Structure formats: structure tokens, C-alpha cells
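Geometric and topological summary
These are the residues of each chain, in order.
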Amino acid sequence: MNPYPPIAEHGVIGDLQTAALVATSGDIDWWCTPRFDSPSLFAALLDHEKGGRCGLAVDREAVPDVQVKQLYLADTAILVTRFLAPEGVAEVVDFMEPDTSESPSDRHRITRTARVVRGRVPFLLECRPRFDYGRAPHQLTLTDERSAVLRGPDQELSVQVTAPVVLRADDSDVTARFTLGAGEMATVLLSTQPPGSVPAAPPSDVETVAAFDACREFWYGWLRSSGYQGRWRQMVDRSAITLKLLSYHPTGALIAAATMGLPEQVGGERNWDYRYTWIRDASLSVHTLIRLGFRDEARAFRRWVRDRMEAADGAGERLQIMYRVDGDPHLTEESLTHWEGYRRSSPVRAGNAAADQLQLDIYGEAAYAFAADEDDMGALRGWAAFRGLVDWLTEQWDRPDEGIWETRGGRQDFTYSRLMCWVAFDRAVRFARRFARPADLDRWSSERDDILRQIVQRGWSREREAFTQHYGTDVLDASLLLMPKVGFLSPTDPSWLTTLDAMDRELVQDSLVYRYDPAASPDGLSGSEGTFNLCTFLYVEALARAGRVHQARYAFDKMLTYANHVGLFAEEIGPSGEQLGNFPQAFTHLALIDAAMALDEELDRRGTS
């Protein structure tokens, strides 16, 4: 039996400062706390023996014949795992209460409630944490039969249960076997806190129900801000909730994914840490959040970007491509050689060395975010920081860089990087004129126009009749699907339509889209990868805006069949339709929302149901 579940066999829960994955087996096999980017407490997803987990499920030794279903309580991040067996029907409900305080918390809690709907069902609880990516030992103290504290060097995990659960020591871990009848429930509370803290009292059933109700009402209330009423409301709402779960509330930063180390190719080396905030991904989310109606989240991230602009010391680059959720720029990469990796995909990397890469497109994405709300001029402080960045960019945009995909194959004059530098100047000029802000408009306009001419002259292949990945190549790149979206050209411009046709022939396979062809454009890494979910949704949007609405709708509907059982997407789709890469990925869900809204608008324009 393979000890690693498919990546897609998970749901995600969170409290807006951290997130955990819950497998359909009932295992929490991924949880980093007290922040998304903290060392892991449970990480069996990356090493089933050394990573740590917390299992709560029907006892498979006593009840081997079990069917499992998993779902979210509608319009919430409350996850329900159902176990259907001849002996009865049982459920485990998992949730974290959202923490909307402005300050980071060093205390986090997962509530796990087992209940039986029909019959009489035995359960097994196993709590086996492994602190600091499985590198640090821990000590167990059984306070009584309902409470235990597992102490690591930098934090503690308290395990508290309600009757009839009785905790037992298993070396330095805790386990319990218990049985519930129809209508009965038992709660397992997992709480992390600093060393030496006083654990909370074991929960009562009344307190558990109250916490459940509060969590449910938070998500109901939050989702009411959404203005989306289109054809794919369930998928759009789930994607919006996922984006919220991946947002760090104290700063407004949106991380790329909840996990690290999940492979783009099983057994390969493309295993990266995505628990950080990319300027690109998060900036592009601002437009989407505003269009959906979530202006508070959009403004919070704009403030975070402003703070990064202000933090630039004047030497070197003004921004780096990613940061920790608190804005810390230090993301030192290390290989966790003691872990075997998901299905032996190694190395497992914590931190991300790509943070030091030069990717000039981020300045365009930052500008795209800054100017996203046409009705909000922002503060004078923000404009000063933004103007300084754009002035700096006038001397810096015309350089080779590593490009959007963080390849490790050397710098090139990437067309997408030039495109987004054009966006930086274009949005800066528009914003300054709209709100009468002081700016060197003549210089900014001149640089914008120079970039456009350069892209048309050097980024266009006459042989392919398409815009290409970088100057001096005929290789195509799906990042350029953003060309019409950012207003560089019309979505029906003949040069764009031939580019779209070329991509369709070379990068698209059964409506799924590859980022580029690594064989034609070596990226410095071994192995292959699957189709890129972000690019597939960008392709759908581009088709819709180009007037190819029926083709776009078919591609979109087919793409939705690759979502997992609770509507979540990882980064990629493998050759057998399996989900690959870190999970769930924010950029994918962002692009899903944009594609749905574009399709709705184009279908409505044509009077199509």
C-alpha cells in the first residue's frame, strides 16, 4: 500500500494565519504553525514516517470495509469527512476559527469532532507530531486521561479530548480508541502555544458547538460581500474562500500555496516551497478581489506592497520577487535531506532561492495592483513610494532577467518581463493623470512607448506569426496570454489571434496548457512537468475575449473536471489527470475566477444561457 495519498485527496482548513491539510483518510498530514511559513508540526505528506500526523477516523482494523466521502459545509471552510460502513455512518468535522486580529498570534487551534449518524462505530485517534520539520525531539506529559502536552523546543502542542475518549501514551505520542453510537459525539482539540503556556481547559460539547457556529457564521458573512452571480457560482465561491484561507490577515499578504515540496513530477527535483508571498501572484489578485467585491482584502495587500516599496534601501533592486508574509525578504533555501519527499520526490526544499532572482515583471504587477481601484487614489504616502519605484524603473527595465517561471537556466530578454514593464509605465501615467499626481509624465510616456516598439520589433516572430518567449527565439510562452488582459493589444488584434493559434498548436493539449516547452527552451532543471492550471484558465479567458466563446466554454468546463472532490486545484495536471505541485495554489484559483467572469460577460453579451 502506498503511504502517500494523492495530492488531490485533501481539503484545506485555516484560521487566516496558518492552514492545515486534511486527507480523506482522516489524517492531518500537513500543518505549519504559528504561520504559514513556519516549520512544520505535521508533515507526513512529505515523509510518512518522519513527518508527523494526526489521524482521527474510523478504526480500519475493526471496520476494514469503509467508503469515504469528503465535502465542505457549503459556503464555508468547514470540512466534513464521512465514513460509510456496514456498522454505521460516521463523520469527522474539522475547522479552525478565523483569527481576524491585526496582530500575529502564537496560539492556534484545530477542532476535530467525531460523531456517529447511524449505528455504532469504533474510532482511532493517533497524534504524532514531529516538530521543526521532523528534526526536533519532543516530550510527552499526560496531564490526565483527557489532556496531554507534547513539548517541542520552540512550541507546545496540547491535545484535549472529551468523553468517552481516553488518551494513552505511545512512546512520546498519544493515541486513543473509542466507540460512539448514533447521536453521540467526541471532540479532539489540537492547540499550539509557546513553551510553558497554560493549556486551555478541555472543551465541552456546548463550547464546541459554539465554536462551530462562530466559524460557520464568519464564512457566511464574509462570502456575502461577493457580488458574483454568474453561471459557476459554486466554483467561484470555493475559489474565493480558498484565496481567503491563503491570506495572512495581520498583513494582508497572500501566499502562493499552503504547502512546500510537492512535486511537479513525481520522483523529480522540481519541488519548491510556495508558502511565501509573490509580488506577481498577489498583485494580480487585487483586480479580481475588487471585481468580486472584496475591497478590504485588496486594500490590505496594496498597503503591504507599499510597505515593500518604502523598505527599499536605494541600493540594488527596489523589490524582490517574493517575501515572507510579514515582509521579511530573507528566504534562505535548504534541503531537508532527512525526508524522502512525497513518493520519493527529492530534494525537499524549505525556503526559496528564487527570491534572489531578477524578474523585472514584478514592477508591472505591483503597478497593476496599485492602480487597480480606479475609484481609490490611495494615500499620498503610497503615491510617493510608487513614483519613486517608477522613476527608478526608467533606468532599469532594459535588462535580461530570469523571467516569470523562475527558471535556473540563465538570463534572457524575456518578452513577458518587457510587457509588464510596459504595464508599470502605462498604469503610472494613467494614475497620475486621473488623480493629478506629481510625476515625470513625459519620461514615463516615452519609456512606455519605447518598450512597446521593442516588443513589436524584437519579441515578434515572422516565421511563427506569434509573440515569443524571449528575443531571439521562436519558442512560445503561455505567460503572454496576459497580453490582451493588461491592455497591450486588443484581444481581437490579428497579431494576437495568430499568437493564440500558435499556442493552440504547440502548448495546448486537450484544452490543457503547458507553460512552455522545456526541450526547446532549457530551464536548467531535469525532468518534465505537467500542464499548468494557471495557464489553462488564462487560455480560457483569452479565447473568450477573442470571441471564441464556445471553444472557451468547452475548455473551461473540461478544466473544472480536474478539480478535486471539494473544488480545489494544485499547480499542475499530470499526464494521467492527477494533480501535481503545491496545493491548493492561489494563482490557479485566481485565474479560475477571472476566466469564469470573462466567460459570463461574453456569454451575456451574446445572449447565451
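Anyway, here's the lowdown on the structure attached to this text.

Each value, and the rule that gives it
Residues numbered from 1 in each chain as written. Predicted model: local features only at pLDDT ≥ 70, side-chain atom pairs only at ≥ 80, totals over all residues. Heavy atoms only, no water. Axes fitted to C-alpha atoms, helices over the stretch in contact; angles between N-to-C directions. Helix = DSSP H or I, 4+ residues; strand = E, 2+ residues; numbered from the N terminus. Parallel < 35°, antiparallel > 145°, perpendicular 65-115°, else oblique. Left-handed = near helix turned anticlockwise from the far one by under 90°. Contact = heavy atoms within 4.5 Å. Nonpolar A, V, L, I, M, F, W, Y, C, P; charged D, E, K, R; others polar. 1 Å grid on protein atoms, 1.4 Å probe; cavity = no way out; pocket = protein on both sides within 12 Å on 5 of 7 lines; lining within 4 Å. Points joined across faces, edges and corners; volume = space filled by probe spheres on them. Expected span 1.5 Å × (residues − 1). Buried < 20%, exposed > 50% of the residue type's maximum accessible area, 1.4 Å probe, protein only.

A few words now on the packing of helix α7 (residues 380–393) against helix α8 (residues 415–435). One way to put it is that α7 packs onto α8 with a least axis distance of 11 Å and a crossing angle of 135°. The angle between α7 and α8 places the two elements in the oblique class. In the crossing of α7 with α8, the sense of the turn from one axis to the other is left-handed. For the pair α7 and α8, contact is made by Trp 383, Phe 386, Val 390 and Leu 393 and by Cys 421, Ala 424, Phe 425, Ala 428, Phe 431 and Ala 432, respectively. Each residue belonging to the contact of α7 with α8 can be placed in one class, and the counts come to ten nonpolar, no polar and no charged.

Topologically, Ala 77 is positioned in the loop between β6 (67–72) and β7 (79–85). Separated by 167 residues in sequence, Ala 77 and Lys 244 have C-alpha atoms that sit 9.8 Å apart. When sequence neighbours within four positions are dropped, the list of residues in contact with Ala 77 reads Val 12, Ile 13, Tyr 72, Asp 94, Trp 219, Arg 238, Ile 241 and Leu 245.

Enumeration according to the criterion identifies three cavities of 30 Å³ or more in this entry. What lines the second largest cavity is Leu 284, Leu 482, Lys 485, Leu 534, Leu 538, Phe 587, Leu 590, Ala 591 and Asp 594. Elements supplying a minimum of two residues to the lining of the second largest cavity: α11 (533–545) and α13 (586–605). Per element, the largest residue contribution to the lining of the second largest cavity is four residues, and it comes from α13. For the lining of the second largest cavity, a count of residues per class yields seven nonpolar, no polar and two charged.

Moving on, we get to helix α12 (residues 549–560). In a regular helix each residue adds 1.5 Å, so twelve residues correspond to 16 Å; α12 covers 16 Å between its end C-alpha atoms and thus fits that length. Inspection of α12 places Val 549, Ala 552, Ala 555, Phe 556, Lys 558, Met 559 and Leu 560 among the buried residues, and these make up the whole buried set. Close packing links the buried residues of α12 with α3 (233–245), β25 (512–513), α11, β27 (572–573) and α13.

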